[in-house]
Amino acid sequence: MSSVFYHAGIEGVGAVLPKEKSSVEDFGFGRRTKKISALTGIVNVGIAPEDTITSDYAVYLAEHLFAEMELDPQEIDGIVFVSTTPDYISPPTSVLLQHRLGLSQSCAAFDINYACPGYVYGLMQSFMMVETRVCRKVLLIAGDVATHYISTQDKAMSLVTGDAVTVSVIGRREKEALTVFEKYTDGGGYQHLFVPAGGFRTPKRHGVTDVPREDEDGNIRTDEHLYMNGMEIMRFAVEQVPIIVDQLLHTRQWAKGDVGGYYFHQANEFIVNNIARRMNLSLEKIPIFVRDVGNTGVASIPLTLCAYNADKSGKELARSILCAFGAGLVCIGAAIDLSHTHFSKIIEM
């Protein structure tokens, strides 16, 4: 069933990347590196310092965006933090960020544990809060320092994963601006992209979950590292993204050519191109932003939006499609008007 909103919109989006970049060749996997780089389109990845976490980037970026948009933090009465790298198991990081950013103490605060599909899910949650007048303005923070839980000896992950954090401001629009969300969830595929140990199902145990093991492809990781079955994720994406996008187009009664831009989760260039071919879409309408940042997970769609639209506005943004896929397995998309959204230039910290 479609989720439809009439009076919520994205007022502004900002993104921050780590200053430190690592060439995929620095990981020392030899010939395999060049092959993977050519396939994925990823040459460099951003890596956050060990002592810098998602919330640190979020504070730096939010303060920058507030100043740029001339926005008083006290105007914000809702915050949604979407990440798999929180400060603590408890309390929620959104609560800590309310204090650090000086937001209203009447602020509604939520954490959402999502990786790649999380930005669009966070948007839907934020739109619900604004549409129902629970909040006037919601701060949506979506980002991860995922490299902190990836084995540097895992070719499948370390050569493609980069860190990034994004901030979006969602507010109410009195003039009707229709936004539609479509979603698909199959929890039966959870094991294709997950961290096996560290939760209460399988707690961390020294000498058990932290023991490195080598798989049949030569990747070395522990159960405390992120695992991905790349072929299954690609199969899921190529099958489900076209279905979700077709549902969005049908609900909005848009033709494929009417859409100004298709912003897909930037898993890698190969997957995005395969989705485009499957849907017979023009590559000119599908931005790809992975070469020097890698797969930035939950941050990838807003990061790409900033990369391609900073300081721009235009009719082509009035009909935009966002679609993300990944851990769950989950696929979620939105048909949205971004013609009145401010996109900030990407900054580094």
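Computed from a prediction, not measured in an experiment: that's the story for all the values here.

Conventions adopted
- Residues numbered from 1 in each chain as written.
- Predicted model: local features only at pLDDT ≥ 70, side-chain atom pairs only at ≥ 80, totals over all residues.
- Heavy atoms only, no water.
- Helix = DSSP H or I, 4+ residues; strand = E, 2+ residues; numbered from the N terminus.
- Buried < 20%, exposed > 50% of the residue type's maximum accessible area, 1.4 Å probe, protein only.
- Polar contact = N/O pair within 3.5 Å; in protein donor to acceptor, adjacent residues only side chain to side chain.
- Contact = heavy atoms within 4.5 Å.
- Lys, Arg positive; Asp, Glu negative; His and termini not counted.
- Salt bridge = Lys/Arg side-chain N within 4 Å of Asp/Glu carboxyl O.
- Axes fitted to C-alpha atoms, helices over the stretch in contact; angles between N-to-C directions.
- Parallel < 35°, antiparallel > 145°, perpendicular 65-115°, else oblique.
- Left-handed = near helix turned anticlockwise from the far one by under 90°.
- Nonpolar A, V, L, I, M, F, W, Y, C, P; charged D, E, K, R; others polar.
- Pairing = 2+ DSSP bridges.
- Core = buried A, V, L, I, M, F, W, Y, C linked by side-chain atoms within 4.5 Å.

### Focus on the side chain of R221
Next up, step 1: With respect to the element layout, R221 can be found in strand 12 (residues 220–221).
Next up, step 2: The class of R221 is buried, set by a relative accessible area of 12%.
Next up, step 3: At 3.2 Å, the side chain of R221 forms a polar contact with the side chain of D215.
Next up, step 4: Those residues in contact with R221, other than ones at most four positions away along the chain, are S151, D154, V211, P212, R213, D215, L226 and Y227.

### Some words on the side chain of D337
Next up, step 1: Positionally, D337 belongs in the loop between strand 16 (330–336) and strand 17 (342–343).
Next up, step 2: Although D337 is buried, it makes no salt bridge; R173 carries the closest opposite charge, 4.6 Å away.
Next up, step 3: At a separation of 2.6 Å, a polar atom in the side chain of D337 contacts the side chain of S339.
Next up, step 4: Non-local contacts of D337, meaning those with residues more than four positions away in its chain, are made with R173, L317 and A318.

### Concerning unusual backbone geometry
Next up, step 1: A cis amide bond links S90 with the next residue in sequence, P91, at an omega value of 10 degrees.
Next up, step 2: As for its position among the elements, P91 is in the loop between strand 5 (78–82) and helix 3 (93–101).
Next up, step 3: Backbone torsion omega between G328 and L329 reads 5 degrees, so that peptide bond is classified as cis.
Next up, step 4: Mapping L329 onto the fold places it in the loop between strand 15 (320–326) and strand 16.

### With respect to the packing of helix 6 (residues 230–252) against helix 7 (residues 269–279)
Packed helix pairs are specified by the crossing angle of their axes together with the interaxial distance, meaning the distance between the axes.
Next up, step 1: In the contact formed by helix 6 and helix 7, the axes pass within 9 Å of each other and the chain directions differ by 45 degrees. Relative to helix 7, the element helix 6 lies oblique. The interaxial crossing formed by helix 6 with helix 7 has right-handed handedness. Contacts from M234, A237, V238, E239, V241, P242, V245 and D246 of helix 6 reach helix 7 at F270, I271, N274, I275, R278 and M279.
Next up, step 2: Considered class by class, the residues forming the contact of helix 6 with helix 7 number ten nonpolar, one polar and three charged.

### Overview of the sheet that holds strand 14 (residues 261–264)
Next up, step 1: The five strands lie next to each other as 1-9-16-15-14, forming an open sheet whose pairing is mixed. What marks the edges here is a single partner per strand, and that holds for strand 1 (3–5) and strand 14. In this sheet, neighbouring strand axes are inclined to one another by 15 degrees on average, regardless of whether the strands run parallel or antiparallel.
Next up, step 2: Bridge count for strand 14 against strand 15 is four bridges, and the pairing is parallel. Within the sheet, the bridge partner assigned to F264 lies in strand 15 and is C323.
Next up, step 3: Set on the sheet, helix 6 makes contact with strand 9 (179–185), strand 14, strand 15 and strand 16; between it and strand 9 the angle comes to about 150 degrees.
Next up, step 4: Across the face of the sheet, helix 8 (residues 300–309) comes into contact with strand 14 and strand 15 while running at roughly 140 degrees to strand 14.

### Re the nonpolar core
Next up, step 1: Judged by nonpolar contacts, the single largest core of 42 residues is most densely connected at I10, Y119, L123, F127 and L322.
Next up, step 2: Looking at this core, the elements that each hand over two or more residues are strand 2 (8–17), strand 5, helix 4 (118–131), strand 7 (137–144), strand 8 (164–172), helix 8, strand 15 and strand 16.
Next up, step 3: Ignoring anything within four residues of it in the chain, the contact list for L123 reads I10, L140, I170, F181 and L322.
Next up, step 4: Judged by nonpolar contacts, the second largest core, of 37 residues, contains I150, V241, A267 and I275.

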